[in-house]
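Working through the structure, step by step
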Amino acid sequence: MISLLQRVCEASVTVGNQEIGRIGKGLLILLCAEKNDTEKEADMLLNRLLGYRVFSDENDKMNLSVTAIGGELLIVPQFTLAADTKSGTRPSFSPAAPPDIGKKLFDYFVAQAKGKLPGIQTGQFGADMKVSLTNDGPVTFWLDTSRK
């Protein structure tokens, strides 16, 4: 699984004209399942995200996780993270999991996150969403369970 996480002061997601998710201080997580991903990869990624130290401590060093600061998560499905852009001018999305598996893994990831941290909000799988955020820093990281 792939995640692009951004440390935010606030973030929201809208479908149509309706806001469906909003958080304050925390992480905006763009999430993508790739072919061959399973719940094992989802669990690995979630544990890594919850422990990833991207928030400043009293010495202004990135030593604190979202869990440590009591932050929130806005988890947004984004299959385009799996795009193969190595050639041509049009991305290929063949590395992404099929939509039914991608939705299953997204829902699983969200359910597991809700069991570990309060303040979980989500986007809507398969919807055309508008995501707004105030990136804090800016701080942005790419996490991929297939990378060693």
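The shown structure was predicted, so the numbers you read here are calculated from the model rather than taken from an experiment. (Residues numbered from 1 in each chain as written. Predicted model: local features only at pLDDT ≥ 70, side-chain atom pairs only at ≥ 80, totals over all residues. Heavy atoms only, no water.)

1. Brief notes about the pairing of strand 1 (residues 2–15)
Taking burial as the measure, the 14 residues of strand 1 include 10 buried ones, the bulk of the element. Where strand 1 and strand 3 (residues 26–32) come together, seven bridges link them in antiparallel fashion. Following the sheet pairing, Gln6 is matched in strand 3 by Leu28. By the bridge criterion, 12 bridges tie strand 1 to strand 8 (residues 129–144) in an arrangement that is antiparallel. (Buried < 20%, exposed > 50% of the residue type's maximum accessible area, 1.4 Å probe, protein only. Helix = DSSP H or I, 4+ residues; strand = E, 2+ residues; numbered from the N terminus. Pairing = 2+ DSSP bridges.)

2. Quick word on helix 1 (residues 39–51)
An ideal rise of 1.5 Å per residue puts 18 Å on 13 residues; helix 1 measures up with 18 Å between its terminal C-alpha atoms. By the burial criterion, the buried members of helix 1 are Glu41, Ala42, Leu45, Leu46, Leu49 and Leu50. Burial along helix 1 is one-sided: seen end-on, the buried residues are contained in an arc of 155°. The inward-facing, buried residues of helix 1 abut strand 1, strand 3, helix 2 (66–69), strand 6 (72–77), helix 3 (99–114) and strand 8. (Expected span 1.5 Å × (residues − 1). Arc of directions from axis to C-beta. Contact = heavy atoms within 4.5 Å.)

3. Structural notes on helix 3
Compared with the 22 Å implied by 1.5 Å per residue over 16 residues, the 22 Å span of helix 3 between its first and last C-alpha is a close match. Taken residue by residue, helix 3 has Gly102, Leu105, Phe106, Tyr108, Phe109, Val110 and Ala113 as its buried positions.

4. Structural notes on the nonpolar core
Generally speaking, nonpolar side chains in soluble globular proteins are found buried as a group. Judged by nonpolar contacts, the single largest core of 27 residues is most densely connected at Leu27, Ile29, Leu31, Leu73, Ile75 and Phe109. Among the secondary structure elements, those contributing two or more residues to this core are strand 3, helix 1, strand 6, helix 3 and strand 8. If one sorts the elements of this core by residue count, helix 3 sits on top with six residues. By size, the runner-up hydrophobic cluster in this structure holds 15 residues, among which are Ile23, Leu28, Cys32 and Ala96. (Core = buried A, V, L, I, M, F, W, Y, C linked by side-chain atoms within 4.5 Å.)

5. Remarks on the packing of aromatic side chains
For the structure on display, the rule yields three aromatic pairs. An angle of 65° between the planes, with centres 5.0 Å apart, marks the rings of Phe79 and Phe93 as edge-to-face. With Phe79 in the loop between strand 6 and helix 3 and Phe93 in the loop between strand 6 and helix 3, the pair connects residues that are 14 residues apart, well separated along the chain. Between Phe106 and Phe125 the ring centres are 6.2 Å apart and the planes differ by 45°, which places this aromatic pair in the tilted class. Taken together, the residues span a long stretch of sequence, with Phe106 in helix 3 and Phe125 in the loop between strand 7 (120–122) and strand 8 at a distance of 19 residues. With relative accessibility at 6%, the residue Phe106 sits in the buried group. (Phe/Tyr/Trp six-rings, centres within 6.5 Å; stacked < 30°, edge-to-face > 60°.)

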